[in-house]
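# Fold and contact review
Chain by chain, the residues run as shown.
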Amino acid sequence: MLSSCSRYSRHLITPATTHRLARSCRSSFRPALATSQITIARTFTAFYPAACNRNHTMDAVNAAVDGVKDAAEGVKNMVVSEAQQQQSQQKKQQKKDKKKGAQEDGDARPLEMTPPPSYIDDRNKIFDRVKAEYDAWVAEQPRDDINVTMPDGKVLVGKAWETSPAEITRGISKSLFERTVISKVDGELWDLDRPLEKSCKLELLDFEHPEGKKVFWHSSAHVLGEACERRFGCSLCIGPPVEDGFYYEMALPNSEPVLESDWKPLEKVAEKAIKEKQTFERLTLKKEDLLEMFSYNKYKQHIIQDKIPDGTSTTVYRCGPLIDLCRGPHIPHTGRIKAFNIMKVRI
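Counting restarts for each chain: residues are numbered from 1 in the order of the written sequence. Reporting of local features is limited, given that this is a predicted model, to residues whose pLDDT is at least 70; pairs of side-chain atoms are given and counted only at 80 or more, and all residues count toward the totals for whole chains, interfaces and linings. Just so you know, side-chain values use all the structure's heavy atoms and leave hydrogens and water out.

### Re the sheet that holds strand 12 (residues 322–325)
Paired strands, in this sense, are two strands between which DSSP finds at least two bridges. Here a helix means four or more residues in a row that DSSP labels H or I, a strand means two or more in a row labelled E, and each is numbered from the N terminus. Read from one edge to the other, the open sheet built from three strands follows the order 10-11-12, with strand pairing classed as antiparallel. Because the sheet does not close on itself, it has two edges, and the strands there are strand 10 (281–286) and strand 12. Averaged over all pairs of adjacent strands, the angle between strand axes in this sheet comes to 30 degrees, irrespective of strand direction. As defined by bridge partners, strand 10 adjoins strand 11 (residues 313–319) across six bridges and the pair is classed as antiparallel. Counterpart to E281 in the pairing with strand 11 is R318. Should any heavy atoms of two residues lie within 4.5 Å, those residues are considered in contact. Think of each axis as a best-fit line through the C-alpha atoms, taken over the contacting stretch in the case of a helix, with angles from 0 to 180 degrees between the N-to-C directions. The strands touched by helix 6 (residues 210–232) are strand 11 and strand 12; relative to strand 12, the strand with the most contacts, the crossing angle is about 120 degrees.

### Re helix 9 (residues 298–307)
For every residue, the accessible area obtained with a 1.4 Å probe (protein chains only) is divided by the maximum for its type, and the residue is called buried under 20%, exposed over 50%, and partly exposed between those limits. All of the buried residues along helix 9 are Y299, K300 and I304. With its buried residues spanning 135 degrees around the axis, helix 9 presents them on a single face. Turned more than 90 degrees away from the buried face of helix 9, the exposed residues are K298 and H302. The elements touched by buried residues of helix 9 are strand 7 (235–236), strand 9 (245–251), helix 8 (287–293) and strand 12. Directions are taken from the helix axis to each C-beta atom, and the arc is the one they span.

### Some words on the environment of R231
With respect to the helices, strands and loops of the structure, R231 is situated in helix 6. A relative accessible area of 2% places R231 in the buried class. Sequence separation of R231 and P265 is 34 residues, and the distance between their C-alpha atoms is 8.2 Å.

### Quick look at the sheet that holds strand 3 (residues 155–159)
Pairing within the open sheet is mixed, and its five strands lie in the order 3-2-6-4-5. Two strands in the sheet have a free side with no partner beyond their single neighbour: strand 3 and strand 5 (188–190). Each strand axis lies, on average, 40 degrees off the axis of its neighbour in the sheet, ignoring direction. Here strand 4 (residues 180–185) pairs with strand 6 (residues 200–206) via five bridges, running antiparallel. Note that in strand 6 the partner of I182 across the bridge is L205. Here helix 4 (residues 165–172) sits on the sheet in contact with strand 2 (145–149), strand 3, strand 4, strand 5 and strand 6, set at roughly 70 degrees to strand 6. Along the sheet, helix 6 makes contact with strand 4, strand 5 and strand 6, crossing strand 4 at roughly 115 degrees.

### A closer look at the environment of E267
Tracing the chain through its elements places E267 in helix 7 (residues 263–275). Given a relative accessible area of 13%, E267 falls into the buried group. Put simply, E267 and C228 are 39 residues apart on the chain and 9.7 Å apart in space, counted from C-alpha to C-alpha. Residues contacting E267, with those up to four places away along its chain left out, are F340, N341 and I342.

### Quick notes on unusual backbone geometry
In this model, T114 is joined to P115 through a cis peptide bond whose omega is 0 degrees. Examined against the element boundaries, P115 turns out to sit in the loop between helix 2 (66–104) and helix 3 (118–139). Cis geometry marks the peptide bond from G328 to P329, where omega comes out at -5 degrees. Within the fold, P329 resides in the loop between strand 12 and strand 13 (337–346). Positive phi is not limited to glycine here, since S255 has a value of about 55 degrees. For S255, the position within the fold is in the loop between strand 9 and helix 7. Taking relative accessible area as the criterion, S255 reaches 42% and is therefore assigned partly exposed.

### A few points about the confidence of the model for the chain
pLDDT measures how confident the predictor is about each residue, on a scale from 0 to 100. When pLDDT is averaged along the chain, the result is 78; 69% of the residues meet or exceed 70. In this model, residues 97–106 is a region of pLDDT below 50 whose contacts with residues beyond four sequence positions or in other chains number eleven contacts.

### What to know about the environment of V181
With respect to the secondary-structure elements, V181 resides in strand 4. Judged by relative accessible area, V181 falls into the buried class, the value being 0%. When the C-alpha atoms of V181 and L204 are compared, they prove to be 7.7 Å apart, with 23 residues separating the residues in sequence.

This is how it looks when you write it as structure tokens:
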């Protein structure tokens, strides 16, 4: 049974092995909103080899017998040798410590599955096929002039099936676009890059708006889901936003648990996805296509059969290699997320 949780991200779903992966993100618009970001301070110690001191008494040493010179040189060589040996030992110890730390962080396991799960390629093939059909249909739609009414009453002119909320927002100001998380079209939440279809009223929501924040957390959950698929090859279930964060429920192969040592590797994979600025692509699929796309995942199969009537359709979203059942909408791309931390796992 699926349960809800505030500020924690769940992560698995079979009765015996239900894991909840909790986590938090920070908005790019307000750095102070990093609600659960962890800062780790590291200190480094510099090692300096011992050195021989030569002061004014060297004149006396130079005047001494060859035996004293040899002795002094021998002492010098011994000190340098000891210093080099000490440095070598320190380097070896540092390597051991680094290796031990990596093992403790879960890095003994590959960061990602190689090759990636086969279902990723299978999903993409279906997505690309249906998207090509949809793009061809959109290309045939008339590009009529439309009126876009802003909250202040100003009316902007655009083209149906071409003009998007993102284009309008950029036209107003770059800073406004960067602050805007999502738009509302005639009261309906709408992806910023999704073309407008007719004349409408347009609102722009930032992270401070409750609905904007919810969309931001939801998009962040998709990044978490992507990281888990890439690392574990798991079967995702649901990944909704909650009051101040988000979670994902999932089942790992062979009912394995997610360990605390997996947190940092998952964060690394998530950070890679964020750096790639993966766009969120929306697509409507028929029920039969959805069943084929998620044939590997019994949890998605259950949701599709239970929630989607025969002969109807629903939407999926793709970001990077992840494709998931989702009504959306989402932020324009993963690069909008500026910090990513896993906070808790529940089994």
